[in-house]
Amino acid sequence: MNSRAALAPEVASILAAARERPGGDAPLEVEPRSLPDALERAEADGRVPVIAEVKPTSPTADSTREDDPVELAESMVAGGAAAISVLTEPSHFGGSPETLTRVREAVDVPVLRKDFVLREDQLDVVKADLMLVIARFVENLEELVAAARDRGFQPLVEVHDETELETALESGAEIIGVNNRDLARLEVDLETFESVSRAVPDDITLVAESGISTPANVRRMREAGADALLVGNAIMDHGATETAVEANTRRLTRATPEEET
Ligand SMILES: O=C(O)c1ccccc1NCC(=O)[C@H](O)[C@H](O)COP(=O)(O)O
């Protein structure tokens, strides 16, 4: 693992749990739904490309949503989400691989597996269209990216700074997410995306992650070059109904220049 700044205790705990989680028994074979195609479809009919996240809870949330993840995902798609992200991490985010399978069966957009995958065998736990790989936490990024791709997954490599971006580009990543959440203090700062995105080549599919909660935030990330936005908390809006989840999603996918908040 690339270890520079200290990690927040919550993140250290997430990683300790991830190290202990078993992998699958045999390499999976996936026929993925293409993320770039889904983003293009969203753009073509005037939707901002949003990857909406089914995130029952998290270390920074103050409650857990108990409602059906499939209904939440369907509401997100009804609100215009181009793709869905599903947390499969069980001990800190309330996710599960089974949830992802159910969501992927229910929707027709690409589904990202959001977890803390550290080893190759952990890729083989559940089929998904995209696989999150966090540059900072992986010993050999190039090997894991290639292993994910061999199985058919589209790897989404997450970075937080320019050094990690360089590693991601060297690993052959084609889809890169810049996470605005700092893993030392768990604070979000949209300036992170604005600064790192300047060094991202044009042919990369670039995702702005975390802390995007208003149409103004959406426009800010799009102006800085985001091809897509990964949004969890602002859509899940802990405690809201499915109707609210659909409306929350629509508010971001329909973020027009006129809307000021
Ligand atoms: O969301 C957290 O509290 C969190 C804490 C520690 C490590 C990772 C965490 N989140 C992972 C994510 O990347 C987000 O779920 C995703 O980008 C969506 O962010 P947001 O829109 O801010 O919910």
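These figures come from a predicted structure and were not determined experimentally. (Residues numbered from 1 in each chain as written. Predicted model: local features only at pLDDT ≥ 70, side-chain atom pairs only at ≥ 80, totals over all residues. Heavy atoms only, no water.)

Draft legend 1. Region of the structure containing the overall build of the chain. Of the regular secondary structure elements, the chain holds 11 helices and 8 strands. Its C-alpha atoms give the chain principal-axis dimensions of roughly 45 × 40 × 35 Å. Relative to its full complement of 261 residues, the chain shows a buried share of 54%. In the chain, the share of contacts with a sequence separation of at least 24, taken over all contacts with a separation of at least 6, comes to 69%. Within the structure as shown, the chain displays about 11200 Å² of accessible surface, and the carbon and sulfur contribution to it stands at 46%. Side-chain charges of the chain comprise 26 positive and 52 negative groups, with the mean position of each set lying 2 Å from the other. (Helix = DSSP H or I, 4+ residues; strand = E, 2+ residues; numbered from the N terminus. Buried < 20%, exposed > 50% of the residue type's maximum accessible area, 1.4 Å probe, protein only. Contact = heavy atoms within 4.5 Å. Areas by Shrake-Rupley, 256 points an atom, 1.4 Å probe, with all protein chains shown as cover. Lys, Arg positive; Asp, Glu negative; His and termini not counted. Charge placed at Lys NZ, Arg CZ, Asp CG, Glu CD.)

Draft legend 2. Broad picture of the packing of aromatic side chains. This structure, assessed with the given rule, holds 2 aromatic pairs. Summarising the aromatic geometry, the rings of Phe116 and Phe137 are spaced 6.3 Å apart at their centres and angled 40° between planes, so their arrangement reads as tilted. A residue pair is termed long-range when its members are at least 10 positions apart, and Phe116 in the loop between strand 3 (111-114) and strand 4 (130-134) and Phe137 in the loop between strand 4 and helix 6 (141-151) qualify at 21 residues. Per residue, the accessibility class of Phe116 equals that of Phe137, and both read buried. Here the aromatic cluster, defined as three or more aromatic residues joined through ring pairs, consists of Phe93, Phe116 and Phe137. (Phe/Tyr/Trp six-rings, centres within 6.5 Å; stacked < 30°, edge-to-face > 60°.)

Draft legend 3. A look at the confidence of the model for the chain. For the chain, the average pLDDT comes to 94, and 95% of its residues sit at 70 or higher. Taken over the whole predicted complex, pTM reads 0.96, whereas the ipTM for its chain interfaces reads 0.98. (pLDDT = per-residue confidence, 0-100.)

Draft legend 4. Molecular detail of unusual backbone geometry. Despite not being glycine, Leu186 shows a phi value in the positive range, around 60°. Among the structural elements, Leu186 can be located in the loop between strand 6 (175-179) and helix 8 (191-197). Judged by relative accessible area, Leu186 falls into the buried class, the value being 16%. One non-glycine residue, Ser210, adopts positive backbone phi at about 75°. Look at Ser210 and you get buried, because its relative accessible area is 12%.

Draft legend 5. Main features of the side chain of Ser85. One can find Ser85 in strand 2 (residues 83-87). At 2.7 Å, the side chain of Ser85 and the side chain of Glu53 are in polar contact. (Polar contact = N/O pair within 3.5 Å; in protein donor to acceptor, adjacent residues only side chain to side chain.)

Draft legend 6. Focus on the site of the ligand. As a matter of local geometry, the ligand sits amid 19 residues, with Glu53, Lys55, Thr60, Ser210 and Asn233 nearest to it. Separating an oxygen atom of the ligand from a side-chain N or O atom of Lys55 is a distance of 2.7 Å. Across the complex, the protein chains shield 97% of the 510 Å² of accessible surface that the ligand would expose by itself. Across the shell around the ligand, the residue classes break down as 7 nonpolar, 7 polar and 5 charged. (Near = heavy atom within 4 Å. Nonpolar A, V, L, I, M, F, W, Y, C, P; charged D, E, K, R; others polar.)

Draft legend 7. Region of the structure containing helix 6. Those residues of helix 6 lying buried are Leu141, Leu144, Val145, Ala147, Ala148 and Arg151. End-on, the buried residues of helix 6 take up no more than an arc of 160°, which puts them together on one face. Across helix 6 from its buried face, at more than 90 degrees, point the exposed residues Glu143 and Asp150. The elements touched by buried residues of helix 6 are strand 4, strand 5 (154-159) and helix 7 (162-170). If you check the start of helix 6, you find a side-chain oxygen 3.4 Å away from the backbone N of Glu142, and it comes from Asn140. Trailing helix 6 by a residue or two, Gly152 shows a phi angle of about 110°, which is positive. (Arc of directions from axis to C-beta.)

Draft legend 8. Quick peek at the sheet that holds strand 7 (residues 205-209). On the basis of which strands lie adjacent, the closed barrel formed by 8 strands has the order 1-2-3-4-5-6-7-8 and parallel pairing. Going across the sheet, the axis of each strand differs from the next one's by a mean of 25°, ignoring polarity. The sheet strands contacting helix 3 (residues 69-78) are strand 1 (50-54) and strand 2, and the helix crosses strand 1 at an angle near 165°. (Pairing = 2+ DSSP bridges. Axes fitted to C-alpha atoms, helices over the stretch in contact; angles between N-to-C directions.)

Draft legend 9. Inspection of the pairing of strand 7 at higher detail. Counted residue by residue, strand 7 has 5 buried out of 5 residues, so it is predominantly covered. The two faces of strand 7 match: Thr205, Val207 and Glu209 on one face and Leu206 and Ala208 on the other face are all buried. By the bridge criterion, 5 bridges tie strand 6 to strand 7 in an arrangement that is parallel. Bridge pairing in strand 7 links Gly177 to Val207. A crossover connection joins strand 6 to the parallel strand 7 through helix 8; in handedness this β-α-β unit is right-handed. Both strand 7 and strand 8 (residues 228-231) contribute to a ladder of 3 bridges, which runs parallel. In the strand pairing of strand 8, Val207 is matched with Ala228. Read from strand 7 through helix 9 (residues 215-223) to strand 8, the crossover connection turns out right-handed. (Right-handed = clockwise from strand over helix to strand, strands pointing away.)

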